[in-house]
Each structure stands twice: as C-alpha cells, then as structure tokens.
Amino acid sequence: MNFDLETNKKGNLSIGGADALELADEYKTPLYVIDEMKIRGNYRRLYKAFSKQYDNFNMYYACKANTNLAVMKILEEEGSGIDAVSPGEIYTSLLAGFDPSKILYTGNNVTDEELEFTISSGVRLNIDSISQLKRLSKLSGAEGMEISFRVNPNVGAGHHKHCITGGPLSKFGIMEEEAVEVYKLAQELGFKPVGIHSHIGSGILDPEPFMLAVRSLMDIAGRVHREAGVEFDFIDFGGGIGIPYEPEESKLDIDLFAQKIVDLFKEKLGEYDLGKPTMCIEPGRYIVGDSSYLLTRVNTVKQSYRKFAGVDAGFNTLLRPTMYGSYHHIVVADKPGAEPTQTLDIAGDVCESGDLFARDRPMPDIGEGDLLAILNAGAYSFSMSSQYNSRPRPAEVLVKNGEADVIRERETFADVLAKQNVPVRLLK
Ligand SMILES: *Cc1c(COP(=O)(O)O)cnc(C)c1O
C-alpha cells in the first residue's frame, strides 16, 4: 500500500503524532483531521522539484481545494501565492495575509461587481473571455492594468469528465485560434497583457497530457509574442497534479515530472525567443489531498439485501465518492493494517441511495462503535461540504507534533438556520 499510514504503540492510527481514537473522543465525529507537516512537506517537495530546474518559478496554491484559514496561513508562511476562483476566495486569501500581488484571480462567468471587487482588492486578474475583457475596460481603475488570459489549449485531462477543464467541450478560457486577436484587442483597449495561463484538468497522474498542454500553451505564447509583440512576465500551466487514491495506484515521480515539463518549457522559450518569464503552476490537490482524514463512527451494522456499515458522515460531509464515483481508502482506526475478512458497503447518514462511501469494499471486521478513517480527504472535501439534510458541518482540527487545534468549530442547528427569516404574516 502506498499511503504510509502511521500507527502508535497501541496500534491505533496516528495522525501528525495524535491518536485518531483520542481525537474522535475529544472532538466528536464526523471530524476532519489535518496533518500540518504533510501540507508543508508536499509544498516543499513540489517547489523544490521545479525550482531546482528553473529558478524563476512560482506556485499558486489553488485554494478551492481547502480554504480553511489555518491551511491558507500555513501556505502563506511557506511562500506560496494563491489561485483564487471567486471573490470569496480573494477575501479569504487577503485575510490569511497574502499580498494582493501574490493572488491570481481566475474567475469564469464573472460579473461586473466581481470585476470591481478584483480591481479594488489589487489582485492580478486572469481573464476567461472577450466579454470579461470588454466589460473590464469600461470600469474605472482598469486603465493600464496588467492582465493575463486563460487559454484553452484544446487539450484536456482529468480523473472524471467533470474534472476536465480543457478541450472542445470545456467552458473555460479563450480559444487557441483567437488568442493573438484577443491579446491585440487587450493592447488596443489600453491593457498591459503580461501573462498566459491554462488549466486543463484535475487528478492527472501521467505526465503525457500535461506535456501536451505545455507544448500547446507554449506554441500559443510564441505566436502571441511574435504577432502581437507581447513580452510575457509569466507563463502559468495551472494545476491538476494528481495523487493516488487507490492503494495500487503509484505516486507520480515528481522530480521526473518536473524535469520533463521544465525541459520542454525551456526548449520552447528558446524556440520563440520568449526570454526568462516566471514559470507558474497552481497545485491544489497535490498540496492538501493526502494531508487530511475524515474520522467517522460506525453506528449501525446491518444485513439486509447486502451488508452495510452505516456511519455518522455522509455526502454532505465528503461529496467526492457520490459526485465523481471517487475511491477513498478507508481503514478501521484501531487496526489500520488489518487484513480484510469481508466485503461490505459503507454508507452515510444522508437520505439518498447515492450516499455511499464504498460499495463492495474488502474490510476487516467492523462493529458498531468502531471508528473509521477515510483517507485523502484534504482536497475538495470540506470545501465541497454542505448542510444537506439540515446537518451541521463537522469540525476541523489541525495537528502538529501530537497537538491538535480546532481550526473550525462544529456547526450547530442555529448555524444551519442562521440566515433564514420567516415573513411576519406567517408568524401567528
Ligand atoms: C481547480 C484549479 C486548480 C487546481 O487543480 P488541482 O487539480 O487541485 O491541482 C488550478 N487552477 C485553476 C484555475 C483551477 O480552477
């Protein structure tokens, strides 16, 4: 298995030096537990892999993967920038202490109000459409702005069709064929285009699709440079670097991955005389994906037409299995290495048949009261949670050296109802 699980002397799952069973007793379940050093380790490994090949290199953490302020603060300390995709993410990033110059806003289907917010917050703007460019040019404060464009390089990849964000079916970016015209238009409107960007998809474990996108984006950048005279300050290849979710999947060899990409990047810089722009990537999943565990307790073991272990979390807590059919590895927290003795379904507590964490999963013996740990729940997990079924969202704790801090309190029923109003005429 490739998940390097740690166990303590009692044989219990240990997360950042803390006993998973003790955390569950103290903070109740369901509970998200985040291992701080995993985040730092992932950031440093990835940064080093690229920067040792090309020293003008920057990473923008794609914060939609996990927007908890403490997580963002950790990445701010590490020196990361931020890829933000909404005004709320800009607001959160500023609150976490990121300098506006280190925040790149890549919105899509952006309103004028959002554009105004972007201008006033001083972050960098990565433009997704001609409509957005034209509307931006009419707003005060936009004159002379340094901007970049998200280009769809007509290549896509990802772990699920919903996660492919390049190619002819994707709603994102401007078309490859119109890139030169769009950069010229930006210049005519008085902007200073300084960057080019693509993000082709998420959960990519194979360098090949990424290489295709790099090649394609560099060819587009080369044409824009030659035909529109744009000097690029930065070229941004987006995120998408995957992590293994299944025990048999192998990890990406990140040094080899970086080397292949940087070699191609340098070759293309030379071919088109593009100078030495900053190379950027925008990892989300790679940074936080394996940092977190969702702890959930079995309350019901049931043999009906099938055998079920019923737990106190659901797709309101962790949506990926239901939304993408994603595999998340699950262990029993007091015996994480135990061999399977049965196959069963692990089901959540939401009133929907689709609310399953696993179907026909080989598992060791499971009894009521057992604690399960769902692995790799750091990216697109809490950030996609909801209050469906009027269930308050769980707490999040951050662990380091065996010490836990609550970084988000468990919601209450009052939180679920916080913004509702009943019209006076209904109050009898
Ligand atoms: C989601 C997103 C990313 C990050 O994707 P990961 O697969 O988590 O690395 C990067 N850039 C943009 C524009 C995104 O929307």
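Residues numbered from 1 in each chain as written. Predicted model: local features only at pLDDT ≥ 70, side-chain atom pairs only at ≥ 80, totals over all residues. Heavy atoms only, no water.

1. Details of the pattern of salt bridges
Oppositely charged side chains may form a pair once their charged atoms are brought near each other. The criterion, for reference: In what follows, salt bridge is the name for a side-chain nitrogen of Lys or Arg lying within 4 Å of a carboxyl oxygen of Asp or Glu. Comment: elements are numbered from the N terminus, with helices defined as DSSP H or I runs of at least four residues and strands as E runs of at least two. Whether a residue is buried, partly exposed or exposed follows from its accessible area with a 1.4 Å probe, protein chains only, as a fraction of its type maximum: under 20%, in between, or over 50%, in that order.
The final tally for this structure, using the stated rule, is 22 salt bridges. Arg40 is the salt-bridge partner of Glu78, the closest N and O atoms lying 2.8 Å from each other. Here the residue Glu78 occupies a position in helix 3 (residues 69-78), and Arg40 occupies one in helix 2 (residues 36-51), the gap between them amounting to 38 residues. Comparing Glu78 with Arg40 shows no difference in burial state: the two are buried. Two residues, Lys276 and Asp55, come together in a salt bridge whose shortest N-O distance is 2.6 Å. Placement of the pair is Lys276 in the loop between helix 9 (254-272) and strand 13 (278-281) and Asp55 in the loop between helix 2 and strand 5 (57-62), with a sequence separation of 221 residues. Among the residues examined, Asp55 registers a relative accessible area of 58% and is labelled exposed. Shared partners join several salt bridges into a network, and the residues in it are Glu36, Arg40, Arg44, Glu77 and Glu78.

2. Let's talk about the site of the ligand
As a reminder, the rule being used: Consider each residue's heavy atoms; a residue with any of them within 4 Å of a molecule or strand counts as near. Counting of polar contacts relies on pairs of N or O atoms within 3.5 Å, with two restrictions inside protein: one atom must be capable of donating a hydrogen and the other of accepting it, and residues adjacent in sequence are counted only when both atoms are side-chain atoms. Only the protein chains shown count as cover for residues, with accessible areas throughout obtained via the Shrake-Rupley method and a probe of 1.4 Å. Residues are grouped as follows: Ala, Val, Leu, Ile, Met, Phe, Trp, Tyr, Cys and Pro are nonpolar; Asp, Glu, Lys and Arg are charged; all remaining types, including Gly, are polar.
Taken together, 14 residues lie around the ligand, and Lys64, Ser202, Gly240, Glu282 and Tyr380 are the ones closest in. Within the side chain of Lys64, one N or O atom sits 2.7 Å away from an oxygen atom of the ligand. Here an oxygen atom of the ligand sits 2.4 Å away from a polar atom, N or O, in the side chain of Ser202. Protein coverage of the free-state accessible area of the ligand, which is 390 Å², stands at 95%. Each residue belonging to the shell around the ligand can be placed in one class, and the counts come to four nonpolar, five polar and five charged.

3. Some remarks on the sheet that holds strand 2 (residues 13-15)
Let me state the cut-off plainly: By this definition, two strands are paired if DSSP reports at least two bridges between them.
The sheet built from three strands is open, its strands ordered 1-2-3 with antiparallel pairing. Strand pairing shows two members of the sheet lacking a second neighbour, strand 1 (6-7) and strand 3 (18-19), which therefore form its edges. Two strands pair when backbone bridges link them, and strand 1 and strand 2 are joined in this way by two bridges, in the antiparallel orientation. If you follow Thr7 over to strand 2, its bridge partner there is Leu13.

4. Considering helix 1 (residues 20-27)
Just so we agree on the cut-off: Relevant arc is that of directions from the helix axis to the C-beta atoms, nothing else.
Taken together, the buried positions of helix 1 are Ala20, Leu23, Ala24 and Tyr27. Buried residues of helix 1 fall within an arc of 100 degrees about the axis and therefore sit on the same side. Within helix 1, the exposed residues directed more than 90 degrees away from the buried face are Asp25 and Glu26. Of the residues flanking the start of helix 1, the one acting as N-cap is Asp19, its side-chain oxygen 2.7 Å from the backbone nitrogen of Leu21. Of the residues one or two after helix 1, Lys28 is the one with positive phi, at around 70 degrees.

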